[in-house]
Amino acid sequence: MCGEVCVVVEVLRGEVKDITYIMLAAGRQLAAGLKTKLTALLIGRDVQKLVAQLGAADRIVCVEHADLEEFNPDAYLQVLIAVFEQHAPRLVMFGHTATGTDLACGVAHRLRWPVATACWTFSLGNGTVQCSSLTCGGKLIANGPLPEPSCVVTVMPGGYKAKDGQVHKTPAVETVSAPGLDQVRTRFKQYLEPPAGDVDITKQRILVSVGRGIQNKDNLALAEKLAAALGGVVSGSRPVIDQAWLPTTRLVGKSGKQVKPKLYVAIGISGAPEHLEGVAEAELMLAINTDPKAPIFDVAQYGATCNALELMPLLTENLKR
Amino acid sequence: MDIVVLIKFVPDLVEDLEIDASTGLLDRSFLRLMPNELDEHALEQAVILKERHGGRVTVLALDTGDVDEALFTAVAKGADRVIKITGDGFDQGLGSRRIATILRRALSDVRFDLILTGTQAVDDLDGFVGAFLAADLGLPYVGYVTQVAAADGRVVVRKEYPGGLNAEIEVSGPAVLGIQAAERAPRYVVTSKVMEAMKSAKIEEFAVDEVSVENEFAISSMALPESGTHAEMIEGTVPQIAQRLAALLKERGILA
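Model, not experiment: these values are computed from the prediction.

Asks: Go over the overall build of chain A, please, and point to the residues and values.
Replies: The number of helices and strands found in chain A is 8 helices and 17 strands. The C-alpha atoms of chain A give a radius of gyration of 22 Å, which matches the 20 Å a tight globule of 321 residues would have. If one aligns the C-alpha atoms of chain A with their principal axes, the spans along those axes are about 70 × 45 × 35 Å. Each of the 321 residues in chain A was classed as buried or not, and the buried ones make up 57%.

As structure tokens, this is what we get:
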């Protein structure tokens, strides 16, 4: 694995997550440019059955242990450190996700490697690997060279297509035994399923989604009326859910639902990358935001910078005519 | 249960961000800074735990932005001890690794069972302060935490996955937790309570010398995103915009 590009496979409840394929697509390009191999590091219990889905890699390094069945931050970290102490890749790629961000810094710190986070594209230039990261809520792009000889990165979706990393072929598998895991300080207890019973926003034809710009809970009624006039339902971005103005089942974005409505009306949503991850498949998007530089306008087809609280009742009225 | 909370100041994203032509990096000269939102959630979670289990909450922040106001506000919300870390070059924006190193030094005489901070900050580029600090202190780290429960010397956290799924993870303390959201929205305190805190509380200062960090990832250039596409903007008065949008949706056959 020394000098190679290594993708740390993300598995949740026995399923390979899309971010893995996005990383494999990125890793494939980089490995070709660097004239090296692409390794996928697969950690879990009874995960060898997944290797046929990871054909984009040249080979798989597989670590299996009963205590690795579900994600366990401290146990996974100890496994990663043990593996990378033996072989130092040129690049280690984690998803910029709930699991990847638990691990990237711990690995980097222990092995004294640098880490670059929220990377969405990579390129080869000036004799080294350059990365571009989206930062400050998507309002800024930061570029920098990934230091040699080894570097850790966390990868965000957007720069590469998952389907380019989906190759059905079984690469060579090398099994590595897990280190002793008796000193692990975190323990997976159980999953808590999402609350059932509410409308499923992933199945809605029309969504009126509200963000911070809605200002207070009372203004939600305006969005409810607009949604009713359109024949849709109300969903929201993170700040609105955190305020408990809407239930978590209505959250659109990275930590919520990926929606694919015919119409997505974004009210007072700036369009941070975490939110945009959830709306990539909306057919038509209309955005209302007072900030003309809000990233949401880069993905919406139609936009307006007027006061959404004034607009919503008027739009509702016009739709009813 | 004694809890440490770390608050980082980040650019206020409501303001326009500009690139400094001479450095090619974010122009920090007129930058408005504000406490990172997830760090405010970390503070809320810490105060909730204190209310439930007793103990002390200590809040640390680097000397940037309106740090005094943020620390007095933390006192008004329930923090017992507030520490401002002073040093050179903080206004230039420090990397997460550097901040973690500084915090470890500042924590050398602070007792704690848990350290809470935001899972990430909006301007993180070289990793996350909480995760680095955990590694630096040799403690376990769990991020994307939305609930923390303590019983019998054990801590059980709720970790958030996409789609509304959560996992319960037990952590043997001490530990560092990256908070994604407090179990309820951060409390609001009225100005008079902050003024009261300014009179009664004292901000401790801790000076750090320059820290060196080996093998740091450094940004060489920044840019404002230039999207290939942009929304067609509807201009006019609000009634005109409403009329135009309604007509548009009808034309596109969206309405059932």
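Having put the structure on the table, let's press on.
Asks: Let's hear about the packing of helix α2 (residues 73-86) of chain A against helix α3 (residues 100-111) of chain A: which residues, and what values?
Replies: All names here are of chain A. The N-to-C vectors of α2 and α3 enclose an angle of 40°; their axes lie 10 Å apart at closest approach. By the criterion of interaxial angle, the relationship of α2 to α3 is oblique. The crossing of α2 and α3 is right-handed. Taken together, the residues of α3 that come into contact with α2 (itself represented by Pro73, Tyr76, Leu77, Leu80, Ile81 and Phe84) are Asp102, Leu103, Gly106, Val107, Arg110 and Leu111. Here the contact of α2 with α3 is composed, by residue class, of 9 nonpolar, 1 polar and 2 charged.

Asks: Explain the sheet that holds strand β5 (residues 81-86) of chain B to me, and be specific about the residues and the numbers.
Replies: One open sheet holds the 10 strands; their spatial order is β12(A)-β9(B)-β8(B)-β7(B)-β10(B)-β6(B)-β1(B)-β4(B)-β5(B)-β11(B), and the pairing between them is mixed. The open sheet terminates on both sides in strands that have one partner only, identified here as β12 (186-192) of chain A together with β11 (203-207) of chain B. Neighbouring strand axes in the sheet, compared pairwise and without regard to direction, differ in orientation by 30° on average. As judged from the 6 bridges shared by strand β7 (residues 141-151) of chain B and strand β8 (residues 154-160) of chain B, these two strands associate in the antiparallel manner.

Asks: Before we move on, can you summarise the environment of Thr58(B) with the specific residues and values?
Replies: Among the secondary structure elements, Thr58(B) is positioned in strand β4 (residues 57-62). Apart from residues no more than four positions distant in its own chain, Thr58(B) is found in contact with Val4(B), Asp80(B), Arg81(B), Ile83(B) and Val110(B).

Asks: Explain the environment of Ala31(A) to me, and be specific about the residues and the numbers.
Replies: Along the chain, Ala31(A) falls in helix α1 (residues 18-34). The spatial distance from the C-alpha of Ala31(A) to the C-alpha of Asp67(A) is 32 Å, given a sequence separation of 36 residues.

Asks: Any details on the pairing of strand β14 (residues 233-236) of chain A? Residues and values, ideally.
Replies: Residue and element names in this part refer to chain A. Of the two faces of β14, the one holding Val233 and Ser235 and the one holding Val234 and Gly236 are both buried throughout. Examined bridge by bridge, strand β13 (residues 206-210) and β14 share 4 bridges and lie parallel to one another. By the bridge assignment, Ser209 is partnered in β14 with Ser235. Each parallel crossover has a hand, and for β13 linked through helix α4 (residues 220-230) to β14 it is right-handed.

Asks: Give me the nonpolar core: which residues, what numbers.
Replies: Within the largest apolar cluster, 142 residues are counted, with the highest numbers of intra-cluster contacts made by Val7(A), Val153(A), Val5(B) and Val59(B). Looking at which element gives the most residues to this core, the answer is α1(A), with 9 residues. Once residues within four sequence positions are removed from consideration, Val59(B) is found in contact with Val5(B), Ile7(B), Leu43(B), Leu71(B), Ala74(B), Ala79(B) and Val82(B). Counting 53 residues, the second largest nonpolar core, distinct from the first, contains Ala223(A), Ile288(A), Met312(A) and Ile241(B).

Asks: Describe the sheet that holds strand β7 (residues 115-125) of chain A, naming the residues involved and giving the relevant values.
Replies: Read across the open sheet, the 10 strands follow the order β11(A)-β5(A)-β4(A)-β1(A)-β6(A)-β10(A)-β7(A)-β8(A)-β9(A)-β12(B); overall the sheet is mixed. Where the open sheet ends on each side, the last strands, each with one partner, are β11 (172-177) of chain A together with β12 (221-223) of chain B. Across the sheet, the mean angle from the axis of one strand to that of its neighbour is 30°, orientation sign disregarded. Where strand β8 (residues 128-135) of chain A lies against strand β9 (residues 140-145) of chain A, 6 bridges are found, and the strand directions are antiparallel. In the strand pairing of β9(A), Ser133(A) is matched with Ala142(A).

Asks: Residues and numbers for the interface of chain A and chain B, please.
Replies: Counting residues at the interface gives 74 residues for chain A, matched by 73 residues for chain B. Of the residues belonging to the side of chain A that touches chain B, the class tally is 36 nonpolar, 22 polar and 16 charged.

Asks: For the packing of helix α3 (residues 96-106) of chain B against helix α4 (residues 129-137) of chain B, give the residues involved together with the corresponding values.
Replies: Residues and elements named next belong to chain B. The N-to-C vectors of α3 and α4 enclose an angle of 50°; their axes lie 8 Å apart at closest approach. Considering the angle they form, α3 stands oblique to α4. As α3 runs across α4, the sense of the crossing is right-handed. Seen from α3, the contacting residues are Ser96, Arg97, Ile99, Ala100, Thr101, Leu103 and Arg104; seen from α4, they are Val129, Phe132, Leu133, Asp136 and Leu137. Of the residues that constitute the contact of α3 with α4, the class distribution is 7 nonpolar, 2 polar and 3 charged.

Asks: Describe in detail unusual backbone geometry, supporting the description with residues and values.
Replies: For the peptide bond that leads from Glu148(A) to Pro149(A), omega is 0°, which places it in the cis range. A cis amide bond, omega -10°, links Gly173(B) with the succeeding residue Pro174(B). Residue placement: Pro174(B) occurs in the loop between β9 (166-171) and β10 (175-179). Its identity is not glycine, yet Cys136(A) carries a phi of approximately 50°, on the positive side. Summarising the element assignment, Cys136(A) is placed in the loop between β8 and β9. Not every positive phi belongs to a glycine, and Ala244(A) is a case in point at roughly 65°. By the element assignment, Ala244(A) lies in the loop between α5 (238-242) and β15 (263-267). Classification of Ala244(A) by C-beta neighbours within 10 Å gives partly exposed; the count is 13.

Cut-offs applied
- Residues numbered from 1 in each chain as written.
- Chains lettered and ligands numbered in written order.
- Predicted model: local features only at pLDDT ≥ 70, side-chain atom pairs only at ≥ 80, totals over all residues.
- Helix = DSSP H or I, 4+ residues; strand = E, 2+ residues; numbered from the N terminus.
- Rg over C-alpha atoms; globule rule 2.2 N^0.38 Å.
- Buried ≥ 20, exposed ≤ 12 C-beta atoms within 10 Å, placed from the backbone.
- Axes fitted to C-alpha atoms, helices over the stretch in contact; angles between N-to-C directions.
- Parallel < 35°, antiparallel > 145°, perpendicular 65-115°, else oblique.
- Left-handed = near helix turned anticlockwise from the far one by under 90°.
- Contact = placed C-beta atoms within 7 Å.
- Nonpolar A, V, L, I, M, F, W, Y, C, P; charged D, E, K, R; others polar.
- Pairing = 2+ DSSP bridges.
- Right-handed = clockwise from strand over helix to strand, strands pointing away.
- Core = buried A, V, L, I, M, F, W, Y, C linked by C-beta atoms within 7 Å.

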